[in-house]
Amino acid sequence: MSSMQLTKSKRVYLLLLILICPIFVSLNISTGLRFDANPFNYLGSPSIPMSLLFVLVLGLIKVTRIRMPVLVYFFLIVSSVYLICGSLFEGRARSFILFLSMSVPVLNYYIMREYFASENNNLSPISIIYNILITVIIFKFIVDVILYGNFYSEFFILKSVVIYSYYDYFPFLYLASILLALNYFFKAEKRFLSIVMIVICFICIFSGHSRLYLVLSLLSVPMFIIFNFVRFRIYDAGIVSMLFVVVATLYIALNGVEGADTSFDERFQHWQGFVRVFDWADLFFPFSNEYRRSLTTGSFHNEYLEIFSYFGLTAFLYFFVLLKLFSSVDSEYRAVSITLLVSLTLGSLIQLNFTNPYVGIVWSIILAAMSSKDKIESREVGRKVNEFSL
């Protein structure tokens, strides 16, 4: 590897390490920069991942160079119109936050896909990401055991650096790592390391507090094996998963669920409140829904209902944008993509998965890396054609 290629490789590693590392900064800067907020101590305001700020800056720099399909531009335009109308009608910051949570991962996908193609250094982007995941997860696991006496803690190395969403969203990193490890295992590559990764990830998930990701991770292994050998179309699996979530949401909203614990019961009551006062005009003017307007804080904890309550039918347009992204992966990563898509979609029934800031950055990076081969190869062909013509 030449010195130039080595420099490019280090640059890619550094960028991805910055984006993947779970470092969160509190939005309350009255006492200076704080990285130790969590939903329980709160520090007066929530925290956001540093990677989100980095992507926003990167997006401003690269905005004129990003090439996206018409569907994505259409989604951004329509959702922007809803954002403006909703802000004029209701004036809540939540719709703007949700708009960013939908659009930033989509933009990040195209930014990173273009970046991987332009920084082609004979290294697989997904291999770099996997190496970073190995480093982050194993290092955190060792530090947690040695310093904190647990397999899984809320800290990222230091007590002054807290993973804001460690109990409900950070476990996505373990789910994604399990799927990449399975992919390498079935390709007969890095098998020992992949087994170690799978074991550590499951130990951390079992030691954590996320019931959702515990279930999804247990389901991910048989799902990956099935999707690896049975040729399901990603579009079909995604649509079936989405329909299941929509039907389940409507059923619970209309009929309720007896015996649910307190946290679920509170969520279900929000769904019921929204649906019971639903008017057909809410399809096009969702921000006029009386129950939505009565909620001054919090969310429905149901991704499609949350997006629908602010952006109407744009929620389904957003899902088709996601389908396009998840369906664009190289064939060798099809099983990883389809399992991620189904897992995140099913999980969206009870929490915001695709639009969680940290989860959104990570899944968009992984998808971009798994979708970059054709772009890199086409760019290489174009370069060789130009050299030949000269």
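Whatever comes next refers back to the structure up there.
These remarks concern the structure in this document.

### Overview of the packing of helix H5 (residues 125-148) against helix H15 (residues 357-370)
Packed helix pairs are characterised by how far apart their axes lie and by the angle those axes make with each other.
Reasoning step 1: Contact geometry for H5 and H15: axes closest at 7 Å, N-to-C directions at 145°. Contacts between H5 and H15 pair Pro-125, Ile-126 and Ile-129 from the former with Ile-365, Ile-366, Ala-369 and Met-370 from the latter.

### Side note on the packing of aromatic side chains
Reasoning step 1: All told, the structure shown has 31 aromatic pairs when counted by the stated rule.
Reasoning step 2: When the ring of Phe-185 is compared with that of Phe-186, the centres are 5.9 Å apart and the planes differ by 85°; the resulting orientation is edge-to-face.
Reasoning step 3: According to the relative accessible area criterion, Phe-186 is partly exposed, its value standing at 33%.
Reasoning step 4: Ring geometry for Phe-202 and Phe-206: centres 6.5 Å apart, planes at 45°, overall tilted. With Phe-202 and Phe-206 both in helix H7 (residues 191-207), this residue pair falls four residues apart, about one helical turn.
Reasoning step 5: Residue class for Phe-206 comes out exposed when judged on its relative accessible area of 51%.
Reasoning step 6: Taken together, the ring pairs in this structure connect Phe-24, Tyr-152, Tyr-164, Tyr-166, Tyr-167, Phe-170, Tyr-174 and Tyr-358 into an aromatic cluster.

### What to know about the environment of Leu-83
Reasoning step 1: Mapped onto the secondary structure, Leu-83 falls in helix H3 (residues 70-89).
Reasoning step 2: C-alpha of Leu-83 to C-alpha of Phe-99: the two residues are 16 residues apart in sequence and 7.3 Å apart in space.

### Some points on H7
Reasoning step 1: In this model H7 runs 24 Å from its N-terminal to its C-terminal C-alpha over 17 residues, within 8% of the 24 Å that 1.5 Å per residue would give.
Reasoning step 2: Burial in H7 covers these residues: Ser-194, Met-197, Ile-198, Ile-200, Cys-201, Phe-202, Cys-204 and Ile-205.
Reasoning step 3: In this fold, the buried residues of H7 make contact with H5, helix H6 (172-186) and helix H8 (211-229).

### Points about the pattern of salt bridges
Should their charged atoms come close, side chains of opposite charge can pair.
Reasoning step 1: Throughout the structure, instances matching the rule amount to five salt bridges.
Reasoning step 2: Its salt-bridge partner being Lys-187, residue Glu-332 comes within 3.2 Å of it at the nearest N-O pair. Of this pair, Glu-332 sits in the loop between helix H13 (314-326) and helix H14 (334-347) while Lys-187 sits in the loop between H6 and H7, and the two are 145 residues apart along the sequence.
Reasoning step 3: Taking the relative accessible area as the measure of exposure, Glu-332 reaches 29% and is therefore partly exposed.
Reasoning step 4: Across the salt bridge formed by Asp-236 and Arg-233, the nearest N and O atoms sit 3.1 Å from each other.
Reasoning step 5: Arg-233 sits in the exposed class, given a relative accessible area of 51%.
Reasoning step 6: Counted as one network, the salt bridges with shared partners bring together Arg-94, Arg-292 and Glu-306.

Criteria and thresholds
- Residues numbered from 1 in each chain as written.
- Predicted model: local features only at pLDDT ≥ 70, side-chain atom pairs only at ≥ 80, totals over all residues.
- Heavy atoms only, no water.
- Axes fitted to C-alpha atoms, helices over the stretch in contact; angles between N-to-C directions.
- Helix = DSSP H or I, 4+ residues; strand = E, 2+ residues; numbered from the N terminus.
- Contact = heavy atoms within 4.5 Å.
- Phe/Tyr/Trp six-rings, centres within 6.5 Å; stacked < 30°, edge-to-face > 60°.
- Buried < 20%, exposed > 50% of the residue type's maximum accessible area, 1.4 Å probe, protein only.
- Expected span 1.5 Å × (residues − 1).
- Salt bridge = Lys/Arg side-chain N within 4 Å of Asp/Glu carboxyl O.

Keep in mind these numbers describe shape, not what the thing actually does.
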